[in-house]
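The lines below spell out each chain.
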Amino acid sequence: KSYGSHEALRGIDLRIERGTVFGLIGPNGSGKSTTLKILLDILRPSAGTVRVLGEDPRRAGARLRRNLGYLPGELRLDGRLTGKRLLRHLARLSGPVDQGYMHELAERFGVDLGRPIHSLSKGNKQKVGLVQAFMHQPDLLILDEPTSGLDPLVQREFHTLLHEVCERGQTVLLSSHVLSEVQQVAHQVAVLGDGQIVGSGEVGALRLRAIRRVNAGIETPEPARTRELLREIPELAGLDVNDDPVGLRISGTSRGDIRAFVRALSTLPLADLSLEEPDLEESVLHLYRERGQGKVRTAGQEQEQ
């Protein structure tokens, strides 16, 4: 997707399987919302092909849209209508809606549909937005920053709902800059940076590419000599080495083949060892470092690379 000479997206190639949760990760401005809007035919691509539920969204029209549930990243719900009246209006547009299921969703998210929309907080408006996306039980849900403004208990209920709809065969594509959230719910992920994919695959596989946090005590009566030996082991390069009651302590992070790293550790007289599995956030930060990206927002903070 180009805007004049600026390429907002380039080389995007994705395939999302039915019945899965697919996470689109990236900092603000990386192209997540643009990608979702192209799938919905809100924006038109400058080149390439798109198929949503087997159809071209530029030609399928209302028939396809009735099978989609969409929550925009910047949800705007204003007016004097109550939540119930707004949802009933939207139900007439999207096709048959089980009113019982609609009220069940509202109860699960804890939103009062009897109140006027303009009187609701940002978080409660977001809940109404989630209800309208899920209530007609679409084949595909496209959710842009879906938990924005939600408290942790409602976020947990949302995650439970995602698992339920996937068990029913529905598909979920969600974007987020909160990496820990995607790690909890997604089966597959793609990492966007500066309009292109910098990593993709199963959540577990992406985690294996990340750094590992290491903390180990080394028993040695000759700390100085052991320090020299540690410098000669490539797999341990970059780790901090400090004095410790047991002799020395090495700590820090390690990248690369875990088997080679464990073999290197096995040559040492270890007193204790802690290896922490990386999370998705660390993996994504590592991918951005490899590609020379600038900033990644993680759990509400900007981290410089």
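From a predicted model like this one, the values you see are computed outputs, not experimental measurements. (Residues numbered from 1 in each chain as written. Predicted model: local features only at pLDDT ≥ 70, side-chain atom pairs only at ≥ 80, totals over all residues. Heavy atoms only, no water.)

Thoughts on empty space enclosed by the protein
Then, number 1: Summed over the entire model, instances satisfying the criterion amount to one cavity of 30 Å³ or more.
Then, number 2: Considering only enclosed or pocket space, the largest cavity measures out at about 30 Å³ in volume.
Then, number 3: Every residue lining the largest cavity is listed: Ile38, Asp41, Pro45, Val50, Asp56, Pro57 and Arg58.
Then, number 4: By residue class, the composition of the lining of the largest cavity is four nonpolar, no polar and three charged. (1 Å grid on protein atoms, 1.4 Å probe; cavity = no way out; pocket = protein on both sides within 12 Å on 5 of 7 lines; lining within 4 Å. Points joined across faces, edges and corners; volume = space filled by probe spheres on them. Nonpolar A, V, L, I, M, F, W, Y, C, P; charged D, E, K, R; others polar.)

Notes on the layout of surface pockets
Then, number 1: Within this model, the largest pocket holds a volume of roughly 920 Å³.
Then, number 2: At the level of secondary structure, the elements contributing two or more residues to the lining of the largest pocket comprise helix 1 (32-39) and strand 6 (171-176).
Then, number 3: Broken down by element, the residue count for the lining of the largest pocket peaks at three residues, all from helix 1.
Then, number 4: Here the residues of the lining of the largest pocket are counted per class, giving 13 nonpolar, eight polar and eight charged.
Then, number 5: Volume-wise, the second largest pocket comes out at about 460 Å³.
Then, number 6: Where the lining of the second largest pocket is concerned, the elements lending two or more residues are strand 2 (6-7), helix 1 and strand 6.
Then, number 7: Top contributing element to the lining of the second largest pocket by residue count: helix 1, with four residues.
Then, number 8: Of the residues in the lining of the second largest pocket, the class split is five nonpolar, 15 polar and eight charged. (Helix = DSSP H or I, 4+ residues; strand = E, 2+ residues; numbered from the N terminus.)

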